[in-house]
Amino acid sequence: SFISPLDEKENLTNVAHSKDYARLLTMDSGGYFKLWDISDVKEKSLYRANFRELCFIRAHKKGIAGGSVFLFEQNYYVATGSADKDVKLFTETGN
């Protein structure tokens, strides 16, 4: 499954998408997030679309409570917040 967390002990905690429905963000209780390119869904049916993982990183020491993915000046960014009391901002490549 493309939304599964890194470890079976962890749980998926949140899901968000960009306003243009081109990116999907999945977050888990281990502090990891995955960003997916789902733009193919617009052109194909959901079951024939290709979901391409763009980045997969450990963003926080504790579970991610929420996040968003947004487009700014033709670049996608990810913002995440966690129980570790940090809010972080990443590019779509994880930098």
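Check the entry above for the structure.
Residues numbered from 1 in each chain as written. Predicted model: local features only at pLDDT ≥ 70, side-chain atom pairs only at ≥ 80, totals over all residues. Heavy atoms only, no water.

(A) Examining the overall build of the protein chain more closely. In terms of helices and strands, the protein chain carries zero helices and seven strands. The linear arrangement of helices and strands in the protein chain, starting from the amino end, is β-β-β-β-β-β-β. Scored against the burial criterion, the 95 residues of the protein chain give a buried share of 35%. Taking all contacts inside the protein chain whose residues are at least 6 apart in sequence as the whole, residues at least 24 apart take part in 35%. Per element, the accessible surface of the protein chain, about 6,000 Å² overall, is 51% carbon and sulfur. (Helix = DSSP H or I, 4+ residues; strand = E, 2+ residues; numbered from the N terminus. Buried < 20%, exposed > 50% of the residue type's maximum accessible area, 1.4 Å probe, protein only. Contact = heavy atoms within 4.5 Å. Areas by Shrake-Rupley, 256 points an atom, 1.4 Å probe, with all protein chains shown as cover.)

(B) Summary view of the packing of aromatic side chains. Per the stated rule, a full pass over the model turns up three aromatic pairs. Taken together, a centroid distance of 5.8 Å and an interplanar angle of 25° make the contact between Phe70 and Tyr77 stacked. Above the face of the Tyr76 ring, Arg23 is positioned so that its terminal group lies 4.2 Å from the ring centre. (Phe/Tyr/Trp six-rings, centres within 6.5 Å; stacked < 30°, edge-to-face > 60°. Lys NZ or Arg CZ within 6 Å of the ring centre and 35° of its normal.)

(C) Geometry of the sheet that holds strand E6 (residues 75-82). One open sheet accounts for three strands, arranged E5-E6-E7; its pairing is antiparallel. With partners counted over all chains shown, the strands left at the sheet margins are strand E5 (64-72) and strand E7 (87-91), one partner each. Across the sheet, the mean angle separating the axes of adjacent strands is 20° when strand polarity is ignored. Strand direction decides the pairing type here: E5 and E6, joined by eight bridges, are antiparallel. (Pairing = 2+ DSSP bridges. Axes fitted to C-alpha atoms, helices over the stretch in contact; angles between N-to-C directions.)

(D) Quick peek at unusual backbone geometry. Even without a glycine there, the phi angle at Glu73 is positive, about 50°. Examined against the element boundaries, Glu73 turns out to sit in the loop between E5 and E6. The backbone phi angle of Gln74 is positive, close to 70°, even though this residue is not glycine. Residue placement: Gln74 occurs in the loop between E5 and E6.

(E) Molecular detail of the nonpolar core. By size, the foremost hydrophobic cluster in this structure holds 13 residues, and its most contacted members are Leu25, Met27, Phe33, Leu35, Val69 and Val78. Of all the secondary structure elements, the ones that give two or more residues to this core are strand E2 (23-28), strand E3 (32-37), E5 and E6. Residue contacts for Met27: discarding those within four places in its chain leaves Asn11, Leu12, Thr13, Asn14, Val15, Ala16, Tyr32, Phe33, Ile64, Gly66 and Gly67. (Core = buried A, V, L, I, M, F, W, Y, C linked by side-chain atoms within 4.5 Å.)

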